[in-house]
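The lines below spell out each chain.
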Amino acid sequence: MLKNLSVLLILLIGLSTSSWAKKSKSIVVVGLDKDAKKKVESLFKKLQSSRDVVGKDKIYEEIKKHGYYGQFYFLELYRKSMWRNLESYSLVWAKAAARKAVKHDSKALDVKLEEARSLLKKGEPSKAACKKMWPKMQALKTQLTVSSDGLVTAEKQKELRKKFEAHRVYYNRAASAAGEDGMDGLLQTMEYLGSSSESTFYKRSKSTFKSNFRQFYTVRPSEMSGIRDLNLMRAIMGCKALKVDPKLCSASRMHSQDMKEKKFFAHESPLAGKKSPQDRARLHGTKAGGENIHYHSNSSRKSFDANQSWWVHQ
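Everything numeric in this text was worked out from a predicted model, so none of it was measured.

Chemist: I tried to follow the overall build of the protein chain on my own but got confused; where do I start?
Modeler: From N to C terminus, the protein chain includes 15 helices and four strands. In the protein chain, which comprises 314 residues, the proportion classed as buried is 47%. Counted over contacts in the protein chain with a minimum sequence separation of 6, partners at least 24 positions apart contribute 75%. On the protein chain, roughly 17,000 Å² of surface is accessible, and the fraction owed to carbon and sulfur atoms is 51%.

Chemist: Help me out: how do you make sense of helix 13 (residues 246-262) in this one?
Modeler: In an α-helix, one turn spans 3.6 residues; hence positions three or four apart end up facing the same way. Taking 1.5 Å as the rise per residue, helix 13 with 17 residues should run 24 Å; its terminal C-alpha atoms sit 24 Å apart, in good agreement. Residues of helix 13 that are buried: L248, C249, A251, S252, R253, M254, H255, S256, Q257, D258 and M259. Of the residues one or two after helix 13, K263 is the one with positive phi, at around 55°.

Chemist: What should I look at first to understand the environment of K127 in this one?
Modeler: Tracing the sequence through the fold places K127 in helix 6 (residues 127-144). Judged by relative accessible area, K127 falls into the exposed class, the value being 52%. Separated by 183 residues in sequence, K127 and W310 place their C-alpha atoms 9.8 Å apart.

Chemist: Looking at this structure, how should I read the environment of A98?
Modeler: Within the secondary structure, A98 is located in helix 4 (residues 83-100). Residue classification places A98 among the partly exposed positions, given a relative accessible area of 40%. Through-space distance from the C-alpha of A98 to that of S195 is 7.9 Å; in sequence the pair is 97 residues apart.

The rules behind these values
Residues numbered from 1 in each chain as written. Predicted model: local features only at pLDDT ≥ 70, side-chain atom pairs only at ≥ 80, totals over all residues. Heavy atoms only, no water. Helix = DSSP H or I, 4+ residues; strand = E, 2+ residues; numbered from the N terminus. Buried < 20%, exposed > 50% of the residue type's maximum accessible area, 1.4 Å probe, protein only. Contact = heavy atoms within 4.5 Å. Areas by Shrake-Rupley, 256 points an atom, 1.4 Å probe, with all protein chains shown as cover. Expected span 1.5 Å × (residues − 1).

Laid out in structure tokens, this is it:
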């Protein structure tokens, strides 16, 4: 029995088209249908406008009836409604990081990058080369980013977080049901995104990083961090940053949930209409060129661990 199965899966290549797809004569339901989404949206608005605690609890109980996908959509609506405040919160860490950021000697940095890249044969990763390069990759990541720790005083952080307290109860309930980080995890992620925006490579890939940031309310906080970390690794290797496709994130999340519930771990799914990564992407109205999957039984591990696992143990 895989009681503590926790899977992070990211599909790497995709172009968005439509939201639903037909399989033969029947529709393979992916998450919530349009009517269910409208119902959750209506309930969310009621919960936001209600001043009665008992009434809010009743509204949330109605949202719970829509299950895992209803809870996740509820969280997406919540993040979207708070996004301006979340952006402002993240900007505080970005400004603090900018004051602390060390200016790098570009020539010395280029030498270090070439030393790291030279460990890969013809730019194509191999297991031995990746394992050998990993310590240099970690060192460069540390050098090129500013840690969020200590950038803002504990008193200032507490003051900034007050504006989110009114949302904590119901956000945390839904996050727990959907198996994701609660309000504290979301705010920690915004701190990380702000501080890491001061990396050298952020400036070189500014448009992609900014575009991704504007999409982040549609994905889990752990996915936000993992995508930023992955793109930093790609930048170190001289590759272009990947753009976020929320539909691919949704397809990946669905496959992770299917593997957890049906107790399997494979690229090929036993579920009808979801056999391959390409099938699953089409169900969400997009395309995929492949996928990576990562398995661990410790729920405390994060997306950074998946990135490391793919690099070192691929």
